[in-house]
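Coordinates in review
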Amino acid sequence: MTTPAVSDSVSERQHEKLHDVVIRFAGDSGDGMQLTGTQFTNTSAVLGNDLSTLPDFPAEIRAPAGTLPGVSAFQVRIADYDIHTPGDVPDVLVAMNPAALKTNLGDLVPNGIVILNVNEFNKRNLGKAHYDVDPREDGSLEGFRLFEVELTRLTLEALQELELDNRSRGRCKNFFALGMVYWMYSRPLDNTIEYLYKKFAKKPILAEANEKALRAGYNYCDITGAFQVRYEVEPAQLEPGLYRNINGNSALALGFVAASRRSGLPLFLGSYPITPASSVLHELAKYKQYNVTTFQAEDEIAAVCAAIGASFGGSLAITSTSGPGIALKSEGMNLALMTELPLVVINVQRAGPSTGMPTKTEQSDLLQVMFGRNGEAPMPVIAPSSPADCFFAALEASRMAVHHMVPVILISDGYLANGSEPWRLPSVEDLPDLTVDFYGGENTDPEVGFLPYRRSSETLARPWAVPGTPGLEHRIGGLEKQDGTGNVSYDPENHEHMTRLRAEKVERIANTIPELEVVGDEDAELLVVGWGSTLGAITGAVNLARRQGYKVARTHFRHIHPLPRNTEEVLRQFPNVLMPELNTGQMAMLLRSHFLIDVQTYSKVQGKPFTRSEILDRIVEMLET
Amino acid sequence: MTEQATLTRSDFQSDQEVRWCPGCGDYAILKAVQDVFPTLGIPKEKFVIVSGIGCSSRFPYYMDTYGFHTIHGRAPAIATGLKVSRPDLEVWVVTGDGDALSIGGNHLIHALRRNVGLKIMLFNNRIYGLTKGQYSPTSEVGKRTSSTPYGSIDAPFNPLAIALGAGASFVARGVDVFLPHLKSILQRASAHQGTAFVEIYQNCNIFNDGAFQAVTSKEHRKADVIYLEHGQPVTFGDDRELGIQMDGAQLKVVELGDGLTADDCLVWDETDRNLAWAMAQMEAPAFPTPIGILRSVERPSFESQVVAQIQHEIDIKGSGSLDELVRSGDTWTVT
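It should be emphasised that the depicted structure is a prediction, and the values quoted were computed from it without experimental measurement.

**As for the overall build of chain A**
When you go through chain A residue by residue, the secondary structure sums to 20 helices and 23 strands. Relative to the 2.2 N^0.38 estimate, which gives 25 Å for 625 residues, the radius of gyration of chain A is 27 Å and therefore close to what a compact globule would have. Judged by the C-alpha coordinates and their principal axes, chain A covers about 95 × 60 × 45 Å. Here chain A holds 625 residues, and 63% of them are scored as buried.

**Describing the interface of chain B and chain A**
Frequently, the measure chosen for interface size is the accessible area that the parts lose on association. Facing the 57 residues of chain B at the interface are 72 residues of chain A. By the criterion of area lost to chain A, the three top residues of chain B are Tyr66, Leu322 and Trp332 of chain B, representing 16% of everything that side buries. The interface formed by chain B and chain A includes 2 salt bridges. Between Arg475 of chain A and Asp64 of chain B there is a salt bridge; the shortest N-O distance is 3.2 Å. Of all elements in the fold, only β2 (66-69), α2 (75-85), α4 (105-114), α9 (302-317), α10 (322-326) and β12 (331-334) of chain B reach the threshold of two or more residues within the side of chain B that touches chain A. In terms of residue class, the side of chain B that touches chain A is made up of 22 nonpolar, 23 polar and 12 charged. Taken together, the 4 bridges between strand β9 (residues 241-247) of chain A and β12 of chain B define a ladder with antiparallel strand orientation. Residue pairing for β12 of chain B: Leu242 of chain A is matched across the bridge by Thr333 of chain B.

**Brief notes about the nonpolar core**
Residues and elements named next belong to chain A. Grouped together as the largest cluster of nonpolar side chains are 167 residues, with contacts concentrated most on Leu284, Leu410, Ile560 and Met587. With 10 residues, helix α11 (residues 300-312) is the largest single contributor of residues to this core. Setting aside anything within four residues of it in sequence, one finds Ile560 in contact with Leu366, Met370, Val381, Ala383, Trp531, Met587 and Leu590. Formed by 57 residues, the second largest nonpolar core is a distinct cluster that contains Ile23, Ile115, Cys172 and Tyr231.

**Examining the pairing of strand β4 (residues 71-79) of chain A**
All names here are of chain A. In terms of burial, β4 is a largely internal element, 9 of the 9 residues being buried. The two faces of β4 match: Val71, Ala73, Gln75, Arg77 and Ala79 on one face and Ser72, Phe74, Val76 and Ile78 on the other face are all buried. Pairing between strand β2 (residues 20-28) and β4: 9 bridges, direction antiparallel. Bridge pairing in β4 places Val22 opposite Arg77. Judged from the 7 bridges that link them, strand β3 (residues 50-56) and β4 form a sheet pairing that is antiparallel. Each bridged residue has a counterpart across the sheet, and for Asp50 the counterpart in β4 is Ala79.

**What about the domain arrangement of chain A?**
All names here are of chain A. Split by domain assignment, chain A resolves into domain 1 (10-232), domain 2 (244-430), domain 3 (437-512) and domain 4 (519-623). The C-alpha centroid of domain 2 is placed 34 Å from the C-alpha centroid of domain 1. If you look at the interface, domain 1 gives 16 residues, while domain 2 gives 10 residues. Surface buried jointly by domain 1 and domain 2 totals about 920 Å² across both partners, of which 56% is contributed by carbon and sulfur atoms. At the junction of domain 1 and domain 2, the tally comes to 1 salt bridge. Applying the counting criterion to the domain 1 and domain 2 interface returns 4 residue pairs in polar contact (both at pLDDT 80 or more).

**Thoughts on helix α8 (residues 273-280) of chain B**
Owing to its 3.6 residues per turn, the α-helix aligns residues three or four sequence positions apart on the same side. All names here are of chain B. Among all positions in α8, only Leu275, Ala276, Ala278, Met279 and Ala280 are buried. Close packing links the buried residues of α8 with α5 (159-165), β7 (225-228), β9 (242-247), β10 (250-255) and β11 (289-296). Looking at where α8 begins, the residue whose side-chain oxygen comes 2.9 Å from the main-chain nitrogen of Asn274 is Asp272.

**Describing unusual backbone geometry**
All names here are of chain A. With an omega dihedral of 0 degrees, the bond running from Gly352 to Pro353 counts as a cis peptide bond. Turning to its location among the elements, Pro353 is positioned in the loop between β13 (343-349) and α13 (366-371). You will see that His130, though not glycine, has its phi angle at about 60 degrees, which is positive. With respect to the helices and strands, His130 occurs in the loop between α3 (123-128) and β7 (145-149). In this model, Asn443 sits at a positive phi of 55 degrees, which is unusual for a non-glycine residue. As for its placement among the helices and strands, Asn443 is situated in the loop between β16 (420-424) and β17 (475-477).

**Describing the packing of helix α1 (residues 33-47) of chain A against helix α6 (residues 173-184) of chain A**
Residues and elements named next belong to chain A. For the pair α1 and α6, the least separation of the axes is 10 Å and the interaxial angle reads 30 degrees. Taken together, the axes of α1 and α6 lie roughly parallel to each other. Crossing geometry of α1 relative to α6 is assigned as right-handed. Residues Met33, Leu35, Thr36, Gln39, Phe40 and Thr43 of α1 pack against Asn174, Phe175, Leu178, Val181 and Tyr182 of α6. Grouping the amino acids of the contact of α1 with α6 by side-chain chemistry returns 7 nonpolar, 4 polar and no charged.

**What about the pairing of strand β4 (residues 118-124) of chain B?**
Residues and elements named next belong to chain B. For β4, the tally of buried residues reaches 7 of 7 residues, placing the bulk of the element in the interior. With burial as the criterion, each face of β4 is covered, one bearing Leu118, Ile120, Leu122 and Asn124 and the other bearing Lys119, Met121 and Phe123. Summarising the sheet, strand β3 (residues 90-96) and β4 pair through 6 bridges and their orientation is parallel. Within the sheet, the bridge partner assigned to Val94 lies in β4 and is Met121. Pairing of β4 with strand β6 (residues 196-201), which is carried by 6 bridges, proceeds in the parallel orientation. Residue pairing in the sheet places Lys119 in a bridge with Ala196 of β6.

**Side note on the sheet that holds β12 of chain B**
Here 3 strands make up an open sheet; going across it, the order is β16(A)-β9(A)-β12(B) and the pairing antiparallel. Looking at which strands have only one partner, the edges of the open sheet turn out to be β16 of chain A together with β12 of chain B. The average angle at which neighbouring strand axes cross in this sheet is 35 degrees, direction not considered. The strands touched by α1 of chain A within the sheet are β9 and β16 of chain A together with β12 of chain B, with β9 of chain A carrying the most contacts at an inclination of about 165 degrees.

**Section: the packing of aromatic side chains**
One pass over the full model with this rule turns up 27 aromatic pairs over all chains. Ring geometry for Phe176 of chain A and Tyr220 of chain A: centres 5.9 Å apart, planes at 50 degrees, overall tilted. Linking Phe176 of chain A in helix α6 with Tyr220 of chain A in helix α8 (residues 204-223), this pair joins segments that are 44 residues apart in sequence. Tyr220 of chain A matches Phe176 of chain A in its accessibility class, with the two residues each being buried. When the ring of Phe59 of chain B is compared with that of Phe123 of chain B, the centres are 5.8 Å apart and the planes differ by 80 degrees; the resulting orientation is edge-to-face. Residue Phe59 of chain B is located in the loop between β1 (47-51) and β2, and its partner Phe123 of chain B is located in strand β4; the two are separated by 64 residues in the primary sequence. On the basis of relative accessible area, Phe123 of chain B is assigned to the buried category, the value being 1%. By the ring-pair criterion, three or more aromatic residues cluster together here, those being Trp20, Tyr27, Phe59, Tyr62 and Phe123 of chain B. One cation-aromatic arrangement involves Lys102 of chain A over Tyr131 of chain A; the distance from NZ or CZ to the ring centre is 4.7 Å. Above the plane of the ring of Tyr201 of chain B lies Arg126 of chain B, whose end atom (NZ or CZ) is 5.7 Å from the centre.

**Let's talk about a negative patch on the surface**
Residue and element names in this part refer to chain B. A cluster of acidic residues, Asp238, Asp239, Glu241, Glu255 and Asp258, forms a negative patch on the protein surface. Looking at the element boundaries, Asp239 is found in the loop between β8 (235-236) and β9. Owing to a relative accessible area of 66%, Asp239 belongs among the exposed residues under this scheme.

**Observations concerning the pattern of salt bridges**
Residues and elements named next belong to chain A. Scanning all chains against the criterion turns up 41 salt bridges over all chains. Two residues, Glu148 and Arg136, come together in a salt bridge whose shortest N-O distance is 3.1 Å. Of this pair, Glu148 sits in strand β7 while Arg136 sits in the loop between α3 and β7, and the two are 12 residues apart along the sequence. Exposure remark for Arg136: the relative accessible area of 27% places this residue in the partly exposed category. Of the charged contacts, one joins Arg618 and Glu621 as a salt bridge, the two residues approaching to 3.8 Å between their closest N and O atoms. Highlighted residues: Arg618 and Glu621, both in helix α20 (residues 612-624), separated by 3 residues, approximately one helical turn. The exposure class of Arg618 is partly exposed, given its relative accessible area of 26%. A relative accessible area of 47% places Glu621 in the partly exposed class. Each of Glu340, Arg455, Asp483 and Lys505 takes part in a single network of salt bridges with overlapping partners.

Analysis parameters
- Residues numbered from 1 in each chain as written.
- Chains lettered and ligands numbered in written order.
- Predicted model: local features only at pLDDT ≥ 70, side-chain atom pairs only at ≥ 80, totals over all residues.
- Heavy atoms only, no water.
- Helix = DSSP H or I, 4+ residues; strand = E, 2+ residues; numbered from the N terminus.
- Rg over C-alpha atoms; globule rule 2.2 N^0.38 Å.
- Buried < 20%, exposed > 50% of the residue type's maximum accessible area, 1.4 Å probe, protein only.
- Contact = heavy atoms within 4.5 Å.
- Buried area = accessible area lost by both parts, 1.4 Å probe.
- Salt bridge = Lys/Arg side-chain N within 4 Å of Asp/Glu carboxyl O.
- Nonpolar A, V, L, I, M, F, W, Y, C, P; charged D, E, K, R; others polar.
- Pairing = 2+ DSSP bridges.
- Core = buried A, V, L, I, M, F, W, Y, C linked by side-chain atoms within 4.5 Å.
- Domains from an automatic or database assignment.
- Polar contact = N/O pair within 3.5 Å; in protein donor to acceptor, adjacent residues only side chain to side chain.
- Axes fitted to C-alpha atoms, helices over the stretch in contact; angles between N-to-C directions.
- Parallel < 35°, antiparallel > 145°, perpendicular 65-115°, else oblique.
- Left-handed = near helix turned anticlockwise from the far one by under 90°.
- Phe/Tyr/Trp six-rings, centres within 6.5 Å; stacked < 30°, edge-to-face > 60°.
- Lys NZ or Arg CZ within 6 Å of the ring centre and 35° of its normal.
- Patch = residues over 30% accessible without salt bridge, like charges linked within 9 Å, V, L, I, M, F, W, Y side chains within 5 Å.
- Areas by Shrake-Rupley, 256 points an atom, 1.4 Å probe, with all protein chains shown as cover.
- Lys, Arg positive; Asp, Glu negative; His and termini not counted.
- Charge placed at Lys NZ, Arg CZ, Asp CG, Glu CD.

Below you can see the structure in the form of structure tokens.
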């Protein structure tokens, strides 16, 4: 296909309804693909589609232009029904240059749509993408529906009347592409236009330029006969309510503001920039009017330590990081554990070890957060299972911390952090009540005085007595404490007692958390078990397997430590248990060692989430052999 | 609230047995602090002492105030979080040369540059005591210790120079055995807005006895010690027969007499950063040792600015509604 002919009649084109479509925008890091994808997502969200997104970008801010490592992509799936993943394979690929085509074409569905910016297909760029022959000429694009568009030239032409340099004009080409995709999938432009004028309020010429490019792309499809079919994806039948689209890190930030309001405690975040956790810091830094203090510390250690100091002073204290930062914070976490102060440590996991692959997702810090501290150092661990669930997990982590006087780990990952989904907004009054009463000296025995380590018989939590309270002056620290008095103690019996007590305190949280729920066939031959961000892919795969007639059920761990009370009972109910994990089998190892149950691992460590079909294939393989 | 007027030294003594080695300089510093706190006009429950790890860091256990014995080197970071979230508290940090300048060097310089309202007492004994006598970042070159049997080859830090280099707004030096002088410095430190950094020469009579003899011995304590006083000419000596003059960018010692009087000497100005820098370079035995306040300038504290920024946002936008926040951004309704 070459330059399309002008069609006389627009109306003769077919309209086709789709239940779902997966679109991937791919280009150079500087091409604005994340923004383009986000705009398509937000517009689709407002239209009422269910959706799920998967941004995929390099760690380098601007790798050399046009090269393979510099490719940045954003995948979005929209649907008229309830979906769980951003899609296994794209139906549409927008490739802004040869490198973007090369790195993404292999994922495309057979007969999928490829939109190419042909202006970038010159010898130099083909060379940078390591193409010896132009892929348009060697047959490698056969089997796809190819649309070659002079995206750059058409954008420049559309903007020629604007007082802008050519470079700035050319940078609008992503909005030309977006306009085309909007036309193809029957999306309105106003949401994005409104965004542009807000974003470029101080430089309206840029808003105007991008709007022109967007409209030009849309009209290009409308006027030319390039596309004979226009698609529609109707709104999804989601549960009634008010919705917004949200990614995991934004949801975490909102969740902690909510926890602060529901507990009546000011929020304090100590943090140090690290991918992919930084946006939690960015988001919370905006919320000063909510009495949120964000402290960008000199390093990871100072970040957790400042949070511990704030906790001692009576704040809802949190710290956010990723795996390498957890390694640095482990001594600080143990101080919070020993002094029995509330603290939430957020680990947005990335592919490790060491620096690893900072922008790629993985679930390989589970054993680190469970055990990566000196001594016997149990901490509660909670793992959100979707971007929107990050909001509720933040509330739940805060609840455990302040009501049980323990440091808590909230373990998310890069997939949840950057991926987004529609979120049915909760009513604020329905959120859990996290009210905290600081200890003010009630019922203190005048003979004995204040006992900072005297415990609640129910939770074993010690009183939270904050500096500034007259008469409760006391000292805490990392040395072993005598139970009750909190005095430094080297007594052997006391150390054993305290070691077991700290573990028991965490175990008793199990009395306050929901039990595991099993979804699927009661007489299933296989239970698929997951934790954290794999929920979507597992749900999708189990649904497909059941539709194909396999007897399968699934359950999902949100609370990892302590485990839900019915864990063993659920696992023993089924003859086979499969645990897909983005590591080499860490949760499976925990369950095996706890219960001596043969949990089979399905492992993937490629810096990418599971696809539905990968898990489906494994389910079928297990049940057919 | 505790009656401030009635506070005495005994109100600040905890019931814990003090366990420093007999003869340790820490006892004198503890006494100085317990003498000074009741005089500050601050309610007892507002004091918090935060320490790291090391001999000096046992300090909180011996004070009947709120206290936090934290982890090695991190006291300034923990104290920063506490002070920023609770500016109403009077937060003192107790640390040592190993704790503050080796493992915790980063936190120290960042607290100083931010000007967090902390009073930092650095007990400098030029040795690791609690781990039994290894050389520290302030030990002199050539020092033989358990970890340097052939003598240390590390160039030592000058704590005052580090504090000045980090932009500290209050830098002072006291000596464990010069009690009235030390107390006067601690009082000034408490009154300072922002970080007050006080190096305290402290004798470790077990592993580094006599480390500061050039300052503390009878023979030297007048002859070779400069007691800095703001607005006063800098003179010293048994009979104040010596003075300090500027010599280019450096300081030099001059003998008074022959027409040279105190009026010809440098007048100490604790707001002059260059003077403070030059004075911090004077080290025994080649030079007399300066003690007192090297630098004290007004600079807004970190926590006051954090609070002001939050208050400003609340003033212009109102105290945010959680409901509105959750519903912000593009929303749509499914019916």
